[in-house]
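Descriptive analysis of the structure
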Amino acid sequence: MWIPTEHEKYGVVLASFRGTVQHGLPLEIGDTVQLLEKCEGWYRGFVHKNPNAKGIFPCTYIHLKNAHIKNKGQFETVIPTEDSVITEMTSTLRDWGAMWKRLYVVKSVQPTHKNEGDLFHRLWHVMNEILDLRRQVLVGHLTNDRMKDVKQHITARLDWGNEQLSLDLVPRREFSMVDPDEISVTELFKLMEHRHRKKETPAPASTHHLFVHMKSLMSSNLGEELEVFFHIYDGRENRPLSERFFVRLNKNGVPKSPEKTERQCTLFVDLGSSDLRKDVYIVVHIMRIGRMGAGEKKNLCSVQYRRPFGCAVVSIADLLTADSKDDHLLKVYACTTESEWYQIHENIIRKVNSRYNLSGSNTGLAVSLQLLHGDIEQLRREYMVLFTRGVSITKKLGFSDIIMPGEMRNDLYVTLEKGEFEKGGKSVARNVEITVYVLDIDGQVMKSYVAAGSGEPGGDEYHSFVLYHNNSPRWAEQIKLPIPVDMFRGAHVRFEFRHCSTKDKGEKKLFGYSFVHLMQEDGRTLPDGTHELIIHKCEENANLQDSSRYLKLPFSKANLPGNNQAVKGTKESFWITSFLCSTKLTQNGDMLDLLKWRAHPERINDSLSKLKEIDGSEIVKFLQDTLDTLFGILDESSQRYGLKVFDCLVHIINLLQDSKFQHFKPVMDTYIESHFAGALSYRDLIKVLKWYVDRIVDAEHQDHIQQVLKATEYIFKYIIQSRRLFALATGGQSEEEFRCCVHELFMSIRFFLSQENKITSPVTQTQAVFLRTFPEVYGELLKIFTVREVAGFVRETLGSLPATAHAECPLEAVKLHCIAKTVESQLYTNPESRCILLPVVLRLLQAHMQEQRDLVMCARILTSMLSLIRKDDSVTTEPVVSEEVDLIVDSLLVVLMRTILEITNRPQPAGTNMRLQFQDITGEFVACLLALLRQMSDKHYQQLLQTFTSKDDLRDFLLQIFTVFRILIRPEMFPKDWTVMRLVTNNVIITTVLYLSDALRKNFLNEKFDYKVWDSYFYLSVIFINQPCLQLESFSPSKRKRVLEKYGDMRVMTGCELFSMWQNLGEHKLNFIPAMIGPFLEVTLVPQPDLRNVMIPIFHDMMDWEQRRSGNFKQVEAKLIDKLDSLMSEGKGDETYRELFNSILLKKIERETWRESGISLIATVTRLMERLLDYRDCMKLGEVDGKKIGCTVSLLNFYKTELNKEEMYIRYIHKLYELHLKAQNYTEASYTLLLYDELLEWSDRPLREFLNYPMQSEWQRKEYLHLTIVQNFDRGKCWENGIILCRELADQYESYYDYRNLSKMRMMEASLYDKIMDQQRLEPEFFRVGFYGKKFPFFLRNKEFVCRGHDYERLEAFQQRMLNEFPHAIAMQHVNQPDQTIYQAEAQYLQIYAVSPIPENQDVLQRDGVPDNIKSFYKVNHIWRFRYDRPFHKGTKDKENEFKSLWVERTTLTLVQSLPGISRWFEVEKRELVEVSPLENAIEVIENKNLQLRTLIAQCQSRQMQNINPLTMCLNGVIDAAVNGGLARYQEAFFVKDYIVNHPEDGEKIGRLRELMFEQAHILEFGLAVHEKFVPQDMRPLHKKLVDQFHVMKSSLGIQEFPAYVRASPVHFTNGSPRSSCRNSVPNIISPDGARVVARRSPLTYPAVNRYSSSSLSSQASNEVSNITGQSESSDEVFNMQPSPSTSSLSSNHSASPNVTSSAPSSARGSPQLQDKQKHSRENSCLSSRERPVSAIYPNPLDPAQRATPHQIGDTTLPRSDPNLSAPDKVRTTFSSRSLDSVKEVNNTQFSDTVGKLLCPPVPPRPPYSGSSAKTMRSQSPLPTSRSPQKSSLPPFTPSPTESQSAGLVSNSPVLSGSYSSGISSMSRCSVSEASGTEATTGDHPAHQGPTMPNSVSSGSDELIRRENKTPPPYSVYERSNPRRPVPLPHSLSIPPSVDPPALPPKPHQLRTSSMKLVSTSDPRRADGVPHVPRPRPLPRKVSQL
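The shown structure was predicted, so the numbers you read here are calculated from the model rather than taken from an experiment. (Residues numbered from 1 in each chain as written. Predicted model: local features only at pLDDT ≥ 70, side-chain atom pairs only at ≥ 80, totals over all residues. Heavy atoms only, no water.)

**A short note on the overall build of the chain**
When helices and strands are counted, the chain shows 64 helices and 40 strands. Taking all 1986 residues of the chain together, 56% fall into the buried category. Contacts spanning at least 24 positions in sequence make up 74% of the contacts within the chain whose residues lie at least 6 apart. (Helix = DSSP H or I, 4+ residues; strand = E, 2+ residues; numbered from the N terminus. Buried < 20%, exposed > 50% of the residue type's maximum accessible area, 1.4 Å probe, protein only. Contact = heavy atoms within 4.5 Å.)

**Examining the sheet that holds strand S11 (residues 207–218)**
Strand pairing within a sheet occurs via backbone hydrogen bonds; the two strands may be parallel or antiparallel. If you walk across this open sheet you meet the 5 strands as S18-S21-S11-S15-S22, and the pairing is mixed. Strand pairing shows two members of the sheet lacking a second neighbour, strand S18 (327–331) and strand S22 (392–394), which therefore form its edges. Ignoring strand direction, the axes of neighbouring strands in this sheet form an average angle of 35°. With 3 bridges connecting them, strand S15 (residues 265–272) and S22 associate as parallel partners. Bridge pairing in S22 links Leu267 to Ile393. (Pairing = 2+ DSSP bridges. Axes fitted to C-alpha atoms, helices over the stretch in contact; angles between N-to-C directions.)

**Some words on the packing of aromatic side chains**
Per the counting criterion, the structure on display carries 75 aromatic pairs. Between Phe230 and Phe245, the aromatic rings sit 5.8 Å apart at their centres with planes inclined by 35°, giving tilted as the arrangement. You can see Phe230 sitting in strand S12 (residues 225–234) and its partner Phe245 sitting in strand S14 (residues 245–249), a full 15 residues away along the chain. A residue is classified by how much of its surface remains accessible, and Phe230, at 1% relative accessible area, is buried. What makes Phe245 buried here is its relative accessible area of 0%. Through pairs of rings, three or more aromatic residues link up here, namely Tyr682, Phe716, Phe726, Phe738, Phe746, Phe752, Phe770, Phe774, Tyr778, Phe785 and Phe793. The ring of Trp575 carries Lys418 above its face, with NZ or CZ at 4.7 Å from the centroid. For the cation-ring pair, Arg1554 lies above Phe1535, with the distance from its terminal atom to the ring centre recorded as 4.6 Å. (Phe/Tyr/Trp six-rings, centres within 6.5 Å; stacked < 30°, edge-to-face > 60°. Lys NZ or Arg CZ within 6 Å of the ring centre and 35° of its normal.)

**Details of the nonpolar core**
Counting 307 residues, the largest nonpolar core has Tyr718, Phe925, Phe1018 and Phe1080 as its most contacted members. Ranked by the residues each element gives to this core, the list is headed by helix H28 (residues 877–905), at 12 residues. What Phe1080 contacts, discounting residues up to four positions off in sequence, is Phe1018, Val1022, Leu1058, Trp1062, Met1095, Ile1098, Phe1099 and Met1102. Counting residues in each nonpolar core, the second largest holds 56 residues, with Val283, Met287, Ile479 and Leu481 among its members. (Core = buried A, V, L, I, M, F, W, Y, C linked by side-chain atoms within 4.5 Å.)

**Here we look at the side chain of Glu1117**
Secondary-structure assignment places Glu1117 in helix H39 (residues 1114–1129). Not counting the four nearest positions on each side in its chain, Glu1117 is found in contact with Leu1161 and Thr1164.

**Structural notes on the packing of helix H52 (residues 1478–1501) against helix H56 (residues 1547–1574)**
Taken N-terminus to C-terminus, the directions of H52 and H56 make an angle of 20°; their axes are 9 Å apart at the nearest point. With respect to H56, the element H52 is oriented roughly parallel. In this structure, H52 crosses over H56, and the sense of that crossing is left-handed. Among the residues making up the contact of H52 with H56, the classes are represented as 16 nonpolar, 4 polar and 7 charged. (Parallel < 35°, antiparallel > 145°, perpendicular 65-115°, else oblique. Left-handed = near helix turned anticlockwise from the far one by under 90°. Nonpolar A, V, L, I, M, F, W, Y, C, P; charged D, E, K, R; others polar.)

**Some words on the sheet that holds strand S30 (residues 536–537)**
Taken in spatial order, the 5 strands make up an open sheet running S25-S24-S27-S28-S30, and their pairing is antiparallel. Among the strands making up the open sheet, the edge pair consists of strand S25 (461–463) and S30. As paired elements, strand S24 (residues 432–439) and strand S27 (residues 492–500) share 8 bridges and run antiparallel to each other. Paired with Leu439 across the two strands is His492, which belongs to S27.

**A closer look at the confidence of the model for the chain**
Model confidence for the chain is summarised by a mean pLDDT of 76, while 75% of its residues fall at 70 or above. Between residues 871–876, whose pLDDT stays under 50, and residues either more than four places distant or in other chains, the model counts 5 contacts. For residues 1607–1986, every residue scores under 50 in pLDDT, and the model assigns this stretch 986 contacts once sequence neighbours within four places are set aside. (pLDDT = per-residue confidence, 0-100.)

**Examining the environment of Gln1380**
Topologically, Gln1380 is positioned in helix H49 (residues 1380–1383). Residues Gln1380 and Tyr1332 lie 48 residues apart in sequence; the distance between their C-alpha atoms is 9.7 Å.

**Focus: the pattern of salt bridges**
Any two side chains of opposite charge can pair, so long as their charged atoms come close to each other. Overall, the coordinates contain 102 salt bridges when judged by the stated rule. Here Glu572 ties to Lys537 by a salt bridge, and the two come within 3.9 Å at their closest N and O atoms. Here Glu572, found in the loop between helix H10 (565–568) and strand S31 (573–582), pairs with Lys537, found in strand S30; they are 35 residues apart in sequence, far enough to count as distant. Relative accessible area serves as the criterion here: at 2%, Glu572 is assigned to the buried category. Given a relative accessible area of 55%, Lys537 falls into the exposed group. (Salt bridge = Lys/Arg side-chain N within 4 Å of Asp/Glu carboxyl O.)

**Thoughts on unusual backbone geometry**
Omega for the peptide link from Ile1073 to Pro1074 comes to 10°, which places this bond in the cis form. Take Pro1074: it is sitting in the loop between helix H35 (1050–1065) and helix H36 (1077–1084). Geometrically, the link from Leu1459 to Pro1460 is a cis peptide bond, its omega value of -5° lying close to zero. By the secondary structure assignment, Pro1460 is in the loop between strand S39 (1446–1459) and strand S40 (1465–1476). At Lys351, a position not held by glycine, the phi torsion is positive, near 60°. Looking at the element boundaries, Lys351 is found in the loop between helix H6 (344–350) and strand S20 (356–358). Taking the relative accessible area as the measure of exposure, Lys351 reaches 63% and is therefore exposed.

**Some remarks on the packing of H36 against helix H38 (residues 1097–1110)**
In contact at an axis separation of 10 Å, H36 and H38 are set at 160° when each is read in the N-to-C sense. Taken together, the axis directions place H36 and H38 in an arrangement best described as roughly antiparallel. Relative to H38, the crossing made by H36 is left-handed. Residues Ile1077, Phe1080, Leu1081 and Thr1084 of H36 form the contact with H38, whose participating residues are Ile1098, Phe1099 and Met1102.

**Let's talk about the side chain of Ser1194**
Counting through the fold element by element, Ser1194 comes out in helix H42 (residues 1185–1203). Setting aside anything within four residues of it in sequence, one finds Ser1194 in contact with Arg1171 and Phe1339.

**Notes on helix H54 (residues 1526–1534)**
Turning to H54, its buried residues number three or more, namely Gly1526, Leu1527, Arg1529, Tyr1530, Ala1533 and Phe1534. For H54, the arc enclosing every buried residue in end-on projection is 150°, short of the 170-degree limit, so these residues lie on one face. (Arc of directions from axis to C-beta.)

**Concerning the environment of Glu1238**
Tracing the backbone shows Glu1238 in the loop between helix H44 (1226–1237) and strand S32 (1246–1247). With a relative accessible area of 1%, Glu1238 lands in the buried category. Remark: the alpha-carbon pair of Glu1238 and Leu1265, spanning 27 residues in sequence, is separated by 9.7 Å.

Below you can see the structure in the form of structure tokens.
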């Protein structure tokens, strides 16, 4: 049976549990669980990270922990009873763990993110460190100090990690987290700020220490022991700053005692910040111990001398920049002359090279130097190893910047400066060595008190170094004499001088001595400074043991009596410098006189007067003795010396205010508490103090009085302590007298404080001095007086201050400072005294805050006041707290809010420090306001609201508080990681707003309605809900749980209140429509389901009220749409929201009368959301450009078509433009920008600044757009479109007579023409893509598109790209339309196959003389329709001849917009399906093959082909296939009697097929003739074989000679564009274009490698097609192919299986010709892939020409687009209009020479043919009507070069034209649509009706209607000015030029001849041909109307 657990409540999982049992709960190791029930070894409970999932688990898996239970019962919370640091550590490490794993992912996925990688490793180390520390804490074996250190380390690391991971700052007090509810908000703010400041700016250490570790000396010439001395040297003052550190080195240059680290390492302590500068150095002197000369040979002499070796110097500033742990190698310099040794370091510093040199290139001193910062005690803790291992301390010379009491030091430093010696009868100077001894009072040598420096123990004596042969040696050697204080008296130092002989066995001979006493007889020590000592001569064997003999002699020349001239005149002297650093001895006589006052009573007056002149350090040394002396004098002679003693006491007290001596204050405090014995002093002290205070008002000089008042604190301490001692001694006598004295004193103080003076008055300054020290007195008064008495003193004293003070008066700031100290004092913490002091404090504070003065201090006071007020549980303090809150609210609430408003609206100061202070003060005031509001109860709110007597006052208050709350919510109010503070703020705000909303409802509704207050309320609520710190979804689970447990979801609370308030508004809701739609929408987008459910119905309410007011809700709709875009682009909203919005509102409007329009609105908004969500998803980082572009196009079109939002439309145009530029889709970018361009007119209307456009006129912006678009068309090689825009711009420039820009524009236009003719352009492939399934974004879902591929992109590459873009998509393997199951599937299906473009402009493609590179543009640009063919068998399949039943299913796809356009893909708008019969298919195949043969022959003739292989292969393929039964199969299938009888309607088609077969034979014969002319010698056998096979073919076809119609006319080959001299007047209905498909290519043109295609045919179709076999005898493997099911068996190409993907190399696809070496694999690669048959298997469109544009001969300088071609490959031999029948054109003199070279046998033309249409196919015109609104257009063509010579009437928009079609150059004008404002011209000559276009427009009516009804896209450049071209006018009919000059400068599209305009029959609107008078053309609104 399951029993609820009592004590077993909390546990940690020890091992993972899978939870495979019934009701089992899976557990992971480390999880914490809460236990609910227990049963037989099993627990039931839940894991804390997922409390909703409850289950059972074994008891053995759980480690139980003690826990504390809150709210026992159903909703209990269990908190483990462990150290709070442990709890925090555990939860923090859990959070870090998840984030640490994410860091690993970032590091792995994006290795470039170096910071994340570093952080990953650093965090790993810190986490391990924290775990180790956690174990130490849990074990519990640590001492208190060690536990404190460990916790400090833990919290420091936790804070570091939180900061690095951008987590929240944790408020702590003594390492434990603080509960914000348990402290006041002001305290919380202080804690947060303290931690933030600590993190931001660590306080710079004032004390620094230098660690030195001597490693070794590296030198090649060692061999002697060395002594190394380090000291710190001030280069500015040329003096040492520290004593010396001494290290002995052995002969190898390493320390002699390596085991004793204290002898190698030292710490130079107590360096001040001023010592860390560039001119402070570490100086190293090195001495050698050995022979006198370094190079001397070893002799018997065993005496060793100390001799100079070298010096090294390094600046301390270098250590600040270098890595602290680096070892330094110091250069060692040697002295060139020994006499300069004493200043070698100065010479090195000054770089006086002549005085020193490098002692050796490889000599260096290896030392480790490190600067440490902070207090020495702190260093002992941080560098424990350093101090435990051993390090010597090297002290500073003199005291540190701060002298600490208790510091014991008694060091005498003696520097051996120099000496002057006589020769002493020697021929050379002496080698002098000094020996130093210290002797005590008895004349005994003191042991171990002579030290060369720290690091080595002191010795009994010291030997100086020896300078060779120098009678004036200078040593500058410092020694230290650490003599105890008690041994100083009577001690002296003796200096013995010896000559060190280099001969005579190296003896040292004594020749003199000097001495000096350390203390004078009066007790003063040897004064600091330089002393010239007398050298007393003596013999070598003189006995100096008895010091009494010489001590009576004079020792210093300065102390000699005047009559002793003999000694004074001696030349021999010795100089030393002494410096005493002692805390006990003094050199000051005045100090000694004062301390010995009883011995000399007559000197008391002088001694007291001189005390002020004594140095402070001397006074603090003897502080207690001095104070005892002063109070002793006061007790004995108070009448006589009372005033002077008082002044001395004041001097000493003020001396301790100095920063150098401030640490002696505790010494004085201790003295007062423990040693002070002046029980009677208080009377004298009070009397003198009162005397001074009474004199203040009248005194002229206030300086001394101010000094007295500065010492008030300690004077009161002495007064109170003296009174206590007296009361203790006398049992409390004279109490009344004492109280009376104090009251009188305070009356005097109040009187002087009440004086009103001028600002500059000295009295005012004295008042300020007193107020600064006054709060320090409170604590002393409390020792004798009661709390109420002291509070009364303070209240009266502060109340006596003059009230009306000037703002600039310094007293005001001091007054406030006094109040601040009062509030922070112990007195104010007592509730009794607080109620007395509070009114005074509030009065002063209110006055300052109202005037906005001293706000920093005001904030400090308020913070202190409110920190003391807490809601207490005790009943006794509750009324007191409530009363205090009342007082503060009444006085300060409104002022406080106004202050916050003013300081937040001020501009922030520029300086960093000022700005930080500004932020601090704002934060402090905010914390005060929050603390006050949190203390307010219902009663306080009621009282507050009752204080507003009028509605206006209440209204102002509400507006003010709502505004303040909005400011508090701002993100910049607190630092980013202060989430704790933000949550507290929000909790206070929501509580306050709930109180105030009642007041809003009661006072400002119905007739008292106030819009402004309600608007402010709503606005506050909205931004409150939208705060980032309340978006719990973004928090980690643990943080979210903590917030919900503590505060709940404050967004939902606010949302419910907001809805409730809205409902109360009634008809006043109309005031907030549409203003509040945006804010409320923002609230509903917050991803909180409850909040959404509450808030979405408000929109129904708004629609309803708007409907009542206006009869519609257009305003609601407009606002919703506007805001949705901006909000969703910020990342708000999701799919759930869209569904919720839709369902809630649809449900709400079910019963409304306006239901239909409501549904429409909801549907529109929902559709917009779908698109915006798709757009946002696509714009995410890492998404492919194609997806982004498609999504943007969808959204852009939605804004244009459905919403008609022009500004949003334009914004998305520019977003799309940027995407295209990024993807290098320059053509699409141009079309996109054109959308905006076409919204503008050529007007001077000013336009505002918008996006990146400056303020400018509409004309200027349109000009800029035109130029940008032309530039992009140029980059995208879409030059034809650029030309149209150039013309339009030129037209504008011309109309403004801007000839400079006109000239540039013409040149630009000309350059574009050149590029068309000279540069290569690759023809793109087109692919149909179907996106099926619900997982696709909305703009793609279940739609099909046609996509324009990239350059060189084939089907397989495109397919791979699409699968990469949609990695979850499944590629469909068939081309059939999918069924509904696929449409509705929760997956992504892609169906991709290639399609062929159906060019619209057949006229250009069929026109003779148009170069291929022009035609190629029209084949793949401005394409609306695409075709896809699928072969299939209908009926019974004849295995002998498959062609009898081989049909073709032809699908024509019509797009919504033409390609290229604003996107690389457009949606399919319409599908048409037709079936092509086997006969029609055969006609098409042979027709296409004939066309290909003509093209290749023509290219060969015109020498465009440098390689004849393509023609050879094509001839071989056709002849070989024909011989092996290709054409014969067609004969069998369609020429047999059965077929003709069964299909009588196909008679004409059978005839047509026969004609085409004959024509093919004729072409082949002609081709063989051309082939013979150009075939190389090694291919002659193949040619012969072809000729033989051709004869076999002819005979098999039964052709003896060609029919008359074949022989009658030659076949024309003009640039691969065959034409008949007699054009068909009836359109060819086989072609879906309606015109004869002259561009069709047969599969024969394709080798196998080019024909494979990855169409998506099913395997069944694949097998079916593969079974249709034919025979082939081609010897070349490339051509051993099976005939295609969609072609005749003429083809010798293999029919690839439908699933095979094309493997043609991309480089070959754009290459017109390739080298011979490439022929085997790519022999036909010069042919475009578009020459494949249009089918699933051959998915490329038809085209008559090569993909690449041929170049003119010799034009090798132009850039080429194909990098794979060599230079010869890129040269072309071509003329733009050449044909095989050019023999008839020789009369054209311009080309006669060239044409003569190309004469060939004639080939008969094809006769006209007319046939029945294919099934379900409509008749169409070869010249399709334009898609522009004019429904008529003329194709642009190249002007004739001869046109420019003629001039004529100015017409409005004719186009120059030249044609070589019949060898005649003619001129014509094109008609222009009336919509563009153009009219025909009239002239003196009658209109001449020229011949019409060869193919008239005869499209079916349904096609015409379909075209006319199609709305033209606004971005088709091609359709903007494509007037139809009239028939060229022959020379014989041209009108002679007019002599009249033009009236205006000619425009680029105006004809400069006097010819009349010809009206094309294809333009019904100008059929009448009525001429018009020319007039200036008005500028059109749209460019597309041109």
